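The residues making up each chain are set out below.
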Amino acid sequence: MKIKDMTVTACLAAAALVVFVIEAQLPPLGIPGVKLGLSNALVLMAMAVVGRKHAAMVLFVKIILGNIFAGTPASFLFSLFGGAAAYAVMALTFKFFGRNKMWVTSALGALANNAGQLVAALLIMRTSAVLVYIPMLVIAGLAAGIFTGLAAQFSVRAYDKLRR
Amino acid sequence: MDKTKAAAVLKSGVFWAVLFAVAAALCAGYLIYKKTHQQTGRFAVINVKGETLTTLPLGEDTEYTFFTERGVNTVMIKDGKVSVSYSDCKNQICVDTGSISHVGESIICAPHRLTVTVTGETDTDVVVV
């Protein structure tokens, strides 16, 4: 591992962690479990600037430490399922869409994140009542995913300029 | 359509924008439809720590088990009445409360921060004098 990549990864992980912890303090948006998920923008950004493997490390640090600082055992499980699903989808589609359409990658990732969390909810609550949230989660996932994707896109552009 | 063309379409931002918009519109349409064609009658609203977990119609006999952070509660709906049939809490007040069916009544399991409240159309079969 190159020292530079390691440093950038660590910085992104720290930033993702801060965003995650701050976001956890915000009041819920009315629908339980729906939030912007802005920390995912940092994972996506890591994918663009240091590669997929390093992005997985950012995600891992964010989930483990984020839930130690601002979470419950249940929220840890939700993060883990959602994060793993989102990462899998984004890692597979990132190269295809490239840096200029990161919002598509991000939106697909957000949908996968919500699908993963739904699975976690099914496992924890053992009731199919959670399935009524699907339409809501699709809308929220798309909106949040596109927004965080654009945020990551602009951040990557700024990062590239800075590096030059 | 040959492969390169298909790939070009999949790569275009417009395609995905349209696809996402259609998906969101379908979901919004479904939600609005559900809101306007909602089942009438009474419902049992299950709250944990002040947040609504789920809403169950009293019309169907069902049994749900909720695993909260603090413990387990089984909510049973039978003959239009809702009760907490099992709880692993200390005081068992929720189980001892028995069945409720009138709008505004509730069962509270304080140790688990769980409440079951009946909502819906106002009762017409009860007259309080």
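About the criteria used
Residues numbered from 1 in each chain as written. Chains lettered and ligands numbered in written order. Predicted model: local features only at pLDDT ≥ 70, side-chain atom pairs only at ≥ 80, totals over all residues. Heavy atoms only, no water. Patch = residues over 30% accessible without salt bridge, like charges linked within 9 Å, V, L, I, M, F, W, Y side chains within 5 Å. Areas by Shrake-Rupley, 256 points an atom, 1.4 Å probe, with all protein chains shown as cover. Salt bridge = Lys/Arg side-chain N within 4 Å of Asp/Glu carboxyl O. Helix = DSSP H or I, 4+ residues; strand = E, 2+ residues; numbered from the N terminus. Buried < 20%, exposed > 50% of the residue type's maximum accessible area, 1.4 Å probe, protein only. Pairing = 2+ DSSP bridges. Contact = heavy atoms within 4.5 Å. Buried area = accessible area lost by both parts, 1.4 Å probe. Polar contact = N/O pair within 3.5 Å; in protein donor to acceptor, adjacent residues only side chain to side chain. Expected span 1.5 Å × (residues − 1).

Enquirer: Just checking my understanding: could you explain a nonpolar patch on the surface for this structure?
Expert: Residue and element names in this part refer to chain A. Taken together, Phe-60, Val-61, Ile-64, Leu-65, Ile-68 and Phe-69 make up a surface patch of nonpolar side chains, about 560 Å² in accessible area. Residue placement: Val-61 occurs in helix α3 (residues 52–69). Note on Val-61: relative accessible area 31%, which makes it partly exposed.

Enquirer: Just checking my understanding: could you explain the pattern of salt bridges for this structure?
Expert: Going through the model one piece at a time under the given rule, you end up with two salt bridges over all chains. One salt bridge in this structure joins Arg99(A) and Asp160(A), with 2.6 Å as the shortest N-O distance. Taken together, the residues span a long stretch of sequence, with Arg99(A) in the loop between α4 (73–97) and α5 (102–125) and Asp160(A) in helix α6 (residues 134–163) at a distance of 61 residues. Across the salt bridge formed by Lys49(B) and Glu69(B), the nearest N and O atoms sit 3.4 Å from each other. Taken as a pair, Lys49(B) in the loop between β1 (42–48) and β2 (51–57) and Glu69(B) in the loop between β3 (62–67) and β4 (72–78) lie far apart in primary sequence, 20 residues in all. Relative accessible area serves as the criterion here: at 47%, Lys49(B) is assigned to the partly exposed category. Its relative accessible area of 55% is what places Glu69(B) among the exposed residues.

Enquirer: For this particular structure, what's the right way to read the pairing of β2(B)?
Expert: Residues in a regular strand point their side chains to alternate faces of the sheet. Residue and element names in this part refer to chain B. Sheet topology places β1 next to β2; six bridges connect them, and they run antiparallel. Within β2, the residue paired with Val-45 across the bridge is Thr-55. Connecting β1 to the next strand, β2, in antiparallel fashion are two residues, including Lys-49 with a positive phi near 50 degrees.

Enquirer: Got a minute to help me understand the pairing of β3(B) in this structure?
Expert: All names here are of chain B. With six bridges connecting them, β3 and β4 associate as antiparallel partners. Its bridge partner being in β4, Thr-65 is matched across the sheet by Thr-74. Between β3 and β4, which pair antiparallel in sequence order, lie four residues.

Enquirer: Could you clarify how one ought to interpret the interface of chain B and chain A in this entry?
Expert: Accessible area lost on assembly of the parts is the figure often given for the size of an interface. Taken together, the contact pairs 23 residues of chain B with 23 residues of chain A. Of the roughly 1,900 Å² buried where chain B meets chain A, counting both sides, 77% is carbon and sulfur surface. It is Lys11(B), Phe20(B) and Phe67(B) that lose the most area in chain B upon contact with chain A, and together they represent 29% of the buried surface on that side. Counting across the interface, chain B meets chain A through zero salt bridges. At the boundary of chain B with chain A, the tally comes to one residue pair in polar contact (both at pLDDT 80 or more).

Enquirer: Any chance you could explain α3(A) here in plain terms?
Expert: The periodicity of an α-helix, 3.6 residues per turn, causes residues three or four places apart in sequence to face the same way. Residue and element names in this part refer to chain A. Over its 18 residues, α3 extends 25 Å from the first C-alpha to the last, a length consistent with the 26 Å expected when each residue adds 1.5 Å. Residues of α3 that are buried include every one of His-54, Ala-55, Val-58, Leu-59, Lys-62, Ile-63, Gly-66 and Asn-67, and no others. Buried residues in α3 make contact with α1 (3–25), α2 (39–49) and α4.

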